[in-house]
Each structure stands twice: as structure tokens, then as C-alpha cells.
Amino acid sequence: MNVRWKYILKRAGQMILTMWIISTILFFIFRLMPGNPLVAYIDPTFTEEQQQILMQQFGLDQPLWMQYVIFIKNLLRGELGQSFFYKDSVVNVIFKVLPNTIYLMLSALIIAYFTGIVGGIFLAWKRGEKVETAGIIATLFTRAAPQFWVGMILLAVFSFEFGIFPSGGVSQAGASYASEFHKLLSLDFYRHLFLPALTLSIYLLGLPLLLMRSNMLDVMSESYVEMAEMRGLSKLRIMFKYAARNAFLPVITAMAVGIGYAMGGNVVIETVFSWPGLGRLLVNAVSTSDYPLAQGAFILIAGVMVFMNFVADIIYSLLDPRVNIESRR
Amino acid sequence: MSLLKVNNLKVHYETSRGISQAVDGISFNLDRSQSLGLVGESGCGKSTTVKGIVRVMSKNAFIPEGEVYYKDKDILKYSDQEMRDLRWKDIAMVPQAAMDSLNPVYTVKNQFLEVMRIKGKLNKKEALDRAEMLFRKVGLSKELLNYYPHQFSGGMKQRAVIALALALNPSLIITDEPVTALDVIVQHQILKELKGLREEFNIALVMITHDISVVAQTCDQIAVMYAGKIVEKGPANEILKEPLHPYTMGLENSFPDITKPNKQLISIEGAPPELINPPKGCRFAARCPFSEEICLKEEPKLKELSPGHFSACIHQSDLDELREKSREVKTWQNIAI
Amino acid sequence: MKEAIKNALIQSYKFLINDKFALTGAVIYLVFIIIALVAPYIAPYDPHEMVKVGSEYMFNKPPSQDFLLGTTNMGRDIFSQLIYGVRPALVVGFTAAFFVMVAGTLVGLFSGYYGGTTDSILMRITDVAFGIPFTPFVIILVGFLGPSIWNIVLAMALLLWRDTARVIRSQVLTVRERSFVEAARVSGASDLRIIFVYIAPNILPLSFLYGSLAVGWAILTEASVSFLGFGDPDVISWGYMLNDAYVSQALSRGAYHWFVPPGIFIMLAVMAGFYIGRGSEEILHPQLKEY
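Residues numbered from 1 in each chain as written. Chains lettered and ligands numbered in written order. Predicted model: local features only at pLDDT ≥ 70, side-chain atom pairs only at ≥ 80, totals over all residues. Heavy atoms only, no water.

**Quick look at the overall build of chain A**
For chain A, the count of helices and strands is 15 helices and zero strands. With 329 residues in all, chain A has 54% of them scored as buried. A fraction of 71% describes how many contacts in chain A between residues 6 or more apart in sequence connect residues 24 or more apart. Counting every atom, chain A has about 14800 Å² of accessible surface; 67% of that belongs to carbon and sulfur. (Helix = DSSP H or I, 4+ residues; strand = E, 2+ residues; numbered from the N terminus. Buried < 20%, exposed > 50% of the residue type's maximum accessible area, 1.4 Å probe, protein only. Contact = heavy atoms within 4.5 Å. Areas by Shrake-Rupley, 256 points an atom, 1.4 Å probe, with all protein chains shown as cover.)

**Digging into the interface of chain A and chain C**
For an interface, size is often stated in terms of accessible area lost upon the parts coming together. At the interface, 59 residues of chain A touch 48 residues of chain C. When the buried area of chain A at its contact with chain C is split by residue, A:Phe148, A:Trp149 and A:Met152 rank highest and sum to 13% of it. Our count for the contact surface shared by chain A and chain C stands at zero salt bridges. If you look at where chain A meets chain C, you find four residue pairs in polar contact (both at pLDDT 80 or more). When contributions to the side of chain A that touches chain C are tallied by element, the ones reaching two or more residues are α1 (2–31), α5 (130–144), α6 (147–161), α9 (206–220), α12 (249–272), α13 (278–287) and α14 (291–319) of chain A. Sort the elements by how many residues they give to the side of chain A that touches chain C and α14(A) lands first, with ten residues. Here the side of chain A that touches chain C is built from residues that sort into 43 nonpolar, eleven polar and five charged. (Buried area = accessible area lost by both parts, 1.4 Å probe. Salt bridge = Lys/Arg side-chain N within 4 Å of Asp/Glu carboxyl O. Polar contact = N/O pair within 3.5 Å; in protein donor to acceptor, adjacent residues only side chain to side chain. Nonpolar A, V, L, I, M, F, W, Y, C, P; charged D, E, K, R; others polar.)

**Observations concerning the interface of chain A and chain B**
Listed per partner, the contact involves 22 residues of chain A and 26 residues of chain B. Taken as a group, A:Met230, A:Arg231 and A:Lys241 account for 29% of the area that chain A buries against chain B, more than any other trio of residues on that side. One can count three salt bridges joining chain A with chain B. Its salt-bridge partner being A:Lys241, residue B:Glu114 comes within 3.2 Å of it at the nearest N-O pair.

**Thoughts on the pairing of strand β3 (residues 35–39) of chain B**
Residue and element names in this part refer to chain B. Where burial is concerned, most of β3 is hidden: five out of the five residues are buried. Taking every second residue as pointing to the same face, both faces of β3 are buried, with Ser 35, Gly 37 and Val 39 on one and Leu 36 and Leu 38 on the other. Two elements, β3 and strand β8 (residues 204–209), share five bridges in a ladder whose sense is parallel. Paired with Ser 35 across the two strands is Leu 205, which belongs to β8. Sheet topology note: the β3/strand β9 (residues 221–226) ladder contains four bridges and is parallel. Looking at β9, one finds that Leu 38 is bridged to Ala 223. (Pairing = 2+ DSSP bridges.)

**Quick word on the confidence of the model for chain A**
Averaged over every residue, the pLDDT of chain A is 80; the share at 70 or more is 88%. Ignoring residues within four places in sequence, the model shows residues 322–329 of chain A, a span with pLDDT below 50, making ten contacts including any to other chains. (pLDDT = per-residue confidence, 0-100.)

**Some points on the environment of B:Ser291**
Residues and elements named next belong to chain B. Turning to its location among the elements, Ser 291 is positioned in the loop between α9 (246–253) and α10 (293–297). Judged by its relative accessible area of 16%, Ser 291 falls in the buried class. Polar side-chain contacts of Ser 291 include one of 3.3 Å to the backbone oxygen of Ala 285. Reaching out from Ser 291, the side chain makes a polar contact with the backbone oxygen of Cys 288 at a distance of 3.1 Å.

Here it is as C-alpha cells:
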């Protein structure tokens, strides 16, 4: 037990260190931008008073190192500044759209991992047959095709051509949901969610599929699978209880890392489908030079990624058989 | 009364470089409660033969010729389903590297119950009772059933898989290098237990090993394999005391004998031939100190040189002399062909 | 070292010839390179040119003999754009891949060989690189430094080396223990010599593999960035074409001839990279940390 906790603490420490370094890099990127450094925090359209307040809050009249300290302090307090565009605190703006990104990501991940795992088992079982090669090539296509392009095609065909699905957004133009709860219960929401989630999952399923297949192949050549056959157990039973059960542990760990990558991928898909999420927010923020918002969105995305990597490490260490032995004896 | 009769069995593999004739015409007979040791170097086809018999082979293996009569029925003609029924209920196996032969993520109990309930149609209680009984028989405490495979020591694991093999009361058990990975003392214990269990439950045994001394302890009959063929077969004590085939003589030499501490160990130089394009004639000729011209041209057939004792070699009469010679180091050096 | 590179190249060449997939990939790249070189001769129009026939601008024309893939909403020939688009794709792909290979390999080599503090520091840096979400970072950097194709390459180069570094490092850890390396050490060879003359040749094939994968990733990223509108406005890349199509409502008009071909070409270029960098496991294995 002791060993495991030490490891978790060590990894947590590394995670914090990493986030700190990323924040620092971000700080310098925004400061070193061409032009007036003040521009990073104070939009000239703010009133004198507002400008003064912001100057103080972010110590913009102080020397650089002082600003950095204030920056870190603010970060720890969750103070990310004011969005130029939305005239609201960055934190508010972000948290209003964050749920949409989460819904999109989660639904895509679930579809992708489920399909991927089953597909991986299937391809491993069909080893050496033509289906296998075809399957692998098809999977590589899903990874090679630009996500947004797939999205575009799906939109063109299913939305514009056949009108089955809406062409974007999270709700009908002009309409809005009474609350998050209402949103989740509304069929319309799911109609809007379908295409973007499908697009994202097409891209995401490659990893669990090929990983699962690869693990299955390793496992299938293990003696205990051969022995199960020797014992006259049915093929189906062998495939699931002996092969798949042993093969899919790493895939679960991969899922945690996959969440991190999905966050990055959201950016394009949200744009194609005008999905009001964190990714689209980032893109808009950069386009309109809304620096505080861009910075805030980026930090959040990075934070989720680093955290998910950390979670993946912990899960992996939990599944590690050596640790298992210790806790059982 | 014949339990298992193998007739000219061939098992070939398709490889990217051609067809490997891994097992090329094996025949032997096993009566109920008899034991047969299948002996030979690694790669000579012992495991392949046995896997061919129960038809658990890799995807690129196939059986072009032969018959396998189990209880008088040709099981090579069985469908997949019939074979699956046969496995474990009638023919069970104790595998090589027992370490890895159990599913690591389930308890040993789970795997016992699985086989007994699904194939043996026992209910949970009956299965559990039987599992505990079997464990007792092999000298393991029943608490161990709740453990995971990786928590067992080597000897314990071997005992556990033997118990598992007995689960459905098979008539034939095949063991593949059952004790190779264990230290000598445990080896001896396990072999003794195996013998006892066989006698108690009246089970026939096919034991695969490359260690002749192991076979000496446990088997009535021996079949010596080389490069996919049986080169000598007969009663164990005869083969061990007076081998008829040069290869067997060579095998004897390479194992230490506790009664002859000063015995010089002589290894057979060279390696077995490629089985993708096997040599014409006797496959052992290239490494044989007693080979002659004709050995390279014609493949010798198994001939019965004394009751129940067969050898596939042209040498039939001067065997005592050859045996003497084979015990000298210089016989095995510089074999020029 | 020169000998080693030569050997690695010969090895790679042999591998390409023998493996059907790799050969296909190589052929695709070859074809693309040729297209890039002879673009002016096969493209009927200048990709920027707003084509006029008589006094009429050819806006949104469907595919015809004159315009194999039709025209954009500004009257530009799509086919010509597609052809010329090979250039930025290859430039971005190979430049980024080169940096990835060099940076990733060097980091992996030094980290794996020296171990200790060097390793810790380099791995910490790699961790940070892994922690930074790729596409958002490229967007921010390009958004602030300006939409030039070289900024895109820079942004990618700053992060893409991370996978290579981790993998090379693992390899080096194993190779380091091999007896010939020990022998070299005992015979007094300097560290640098051991790294570059003894260890590097053994891991170069892996570098090339990741390099070829990187070509694909780079092309995809450039496409994404251009699609989002942060691309180089003077360079007509496939991503730019897709952005152009999307923004001018090509989707609702069902102008498949406009937005399908660029995507297909992107897919081919990336697939070629995957085929050459064979091991599909390497492509997608999340490199879980092993310390």
C-alpha cells in the first residue's frame, strides 16, 4: 500500500510541476507578443476605470517578475481575467460552454471505445483472413482522414442533402434550453449531438481498435488460451473470457489518455458543427484577439489533458500485477 | 485392449518458405492404463504429434494423411463439436510451462468450476467438492483454490494442473514436459504422484519429454522421435538398457546417470535437418557415426527386432558392438558424411 | 556515423522494396513529389487566378472539360488548386518530419544514454510537451505570431518530437545494455562516440519510422489550422481549400467536387506515411510512461 501511495504522490507532484511550467510558458507567450503587452489584458474599449482596476488586478504597472507572481497567484485563485469579447469574466464564459464539450467528448468516447474494442476483438479473431487486412486499412483511413473533412461530408450528406440532422449548433436557431437538465432531456439536443459525436468517434475509434487487436494477438498466443482450447471450451468463451478479458486492460488505460487527445481534437469538430464548446471558444478567442479568454481556454484544455494523463498512470499502476500481489497476500 | 492407435499420422505446416513436414508418418499403439514416453530433441515433432491427435493446432497446420483411433473410432474424422466434447472429458493434457497455462485474471477455483460445470455438467456444490478432493489427491490444501495462478510456486502449479487434468476423469492424459522446469527433488515427487494417480484412476499416459531419465521412472513403453519420425519404439526397460537405434544410443550418452558418476557425457554434434525439404533417406544419417552410403538414399522402415521392439535402422545384427562403440567419445567426433 | 546513415538507408530501402504496404506508400510519395515538381505544367490555371471567360467570371462552375473539378465561388479552378496544393503539403510534411526526427532522436539518445539528471530534465521537458494540447497550441502560436506557413511548421516542430523522444529513449535503454556497447565503453570510447557510432545506428530505423508518421501528422495539422482560418493566406494548401469551401457554403450547395478531392489527397498523403511507418501499433500506442 505504502509503495502505491508514494507513487501516486510522486505523479501528482509531477502533474503540478507540469501545469506550472505550461502556465509559465503561456505567460511568456502572451507577454512576448508583438505589440503592447498591456494589450494582453486590457482591451482599449474598456473604460478608464475598468482599465485601472484591471491594471491593479494584474499588476500591469509592475516589473515583469512581479507580474508573473501575480499571474500565478491569480491562477491559483481561479482568476483568469475578463474576456474582451463577452465582457464577462473568463471563468464564467468558459464554464457556460464547458458542459457542451464534455457531452460531446463523452458520447464520442463511449461510442468509439465500444466499437473499437469489439472491432479489435473481431479483427484479431479473423487473423490471416482478407477481412483482417480490409479492416485494418479501413481503420487507417479513419485515422488519415482529416476529422473536419469527415464532418463536412457527413454534414453535406445527412444535413443538407437529406435533412435528417440539423446543420449545427446545439439547439434550433433562436431557441435555447431552460437549463442543463432540460437540455439533456430534449430529443432535439441529441439530434444536434449526433453528427458531431459520430464524426469525433470515427476518428477516435482507431486507437482502441488497433490497440485491442494488438493485445488480443499477443494474448491469443499465450499458453492459457491454447490450454482453454485443449480443455474443449467453446470458441466464444475462449474469445471473451480468456483472450479479451486479458487484452483489454491496457485499452482502458489508453482511454484516459484518449480523453486528453479528444480535448485537443474537439477544436475542429466544434467549429465545423458550430458546436458551442470550449474548442470553438478558443478558436473565436484567438480570431478576435481576446487574449484573456484564449489564455483561459487553453489553460483549461491543457489542465484536463495533464490531469487525464495522471489518471491514466494511476489506473495503470493499479492494474499492475505486482501491486496486486502485494495487496492480496 | 487398445485405447489409442495412431496410424501413419502426418502433420504438416504451411510456411512462407514451403511446407514443413513436421510429423511425417507416426504410428504407435497405447493400451488402457499403459504409459508411453515420447522422447526426442526439441523440434522433433513430439508436441506437434500430440496436438495433432487432439486437433489443437495452429492455423497453418494441417493433417494430410493418417488415422487416429481412440476407443476404436477414427477421431480425425470427428467434427469440431465432437472433438470439443472429447477434449478433457476423455483426453486431458498437462502442458509444458504450467505457469502460463491458467488464465491469470481468474482464480484457480474459477477455472476448475468452469470446466466441471460446463463440460462435466456438475452443479456448483458437486464441482467444488470434486475440486477440493482432487487438490487433496495431489497434495495441495483446498484454500489454495481461492488463489490466483501467479501466486503458486512452480511445484504447486504443476500439481494444480495435474489435478485439473483429472477433473473430468479422462481415460488418457498427455503430459508435455511436465517436470522440466522443476528442481530434481520436486520432479521426483511429482512423477511419483503421477504414477500413483494413474494407478488409482486407471488412466493411460502419453508423456512427452526430452529427458530420458524422467521417462525411465514413469513409462512402460517408449517411442523415440527424430525429425518427425519414430526411429525406435518398444518396452522402456529394453530401450534404456539396450537401445537398438544409434540416435537412442546417443541420447543415453548425453544424460548423467547417478549410478555412474564418472560417466562421460557425450553430445551429438550438429542439428536436426530442415523439415521443409527433408533429406532423402534416413534423417539421422548426417549426424550418425554408423551411417553408410545407403543410409543417404533409402529411408529405413521400422522393423521389429525383438518382440514389441522396433528400430528404423539398417543395422540389425551388430548392435552389441555398436553399443560399445557409442559409449566412447571418439565415435561421436568428426562424423564425416 | 556516415557509415551508419548509409546502412540505415540501405536497410530502409530493402524494407521498402519487400513490404507491399511500404512500397505503396513510397510510390504515393513519389507521385506526389513528381506532381509538386511539374505542377505548373499539369495545372491548367494559376490557382489564384479568378478565371474569366469573355467578360464573365467563372463562379461556382460544375466540373467540365475546361474545369476538371469545377471552380470555386471566386472563379478559381479547383483542379489547379488541388495540384498546386501538393507543394505546401510536402514542404510542411517533410520539414516538420525532419525536425521531429532530429529533435526527438537527439532527446531520446541523450536522455536514454546519460540517465540521471539529464534524463530527468529531458523527460520533464517531454512531459510538458505531452501536456500541451497539440492543436490548441498551434492555433495560439499561429494566431499570435501571424499566419505564415513557417509559423505553423515552427509550432508543430516545438511539440511533435515528443512521441519520438519517448520511444527512442526506451530503445536506447535496451541497446545501452548490449555487450558491444559495454565493450566500447571498456575500450575507452568517449560518450559521444558511443552514442553516435554505436547506439544511434541501432535506433535509426525507429527514427525513420516516426519520421514518416510525422509527415502524416504534420499534413493533418496544417490542414486543420488552415481550415480554422489561421492558415497562410498566400498559400493555397488543401486545408485552405477546405476552409474556402466551408466558408462559401459549398456544403449546402452540394458542391462535392470542391470539398471532397482535397480531403482525399490529404488522406492519401497521410496513409502513405502510415504505410511506410508500418507497425500500426506504433502509430497509435499511447506511450504509457515507464520509469
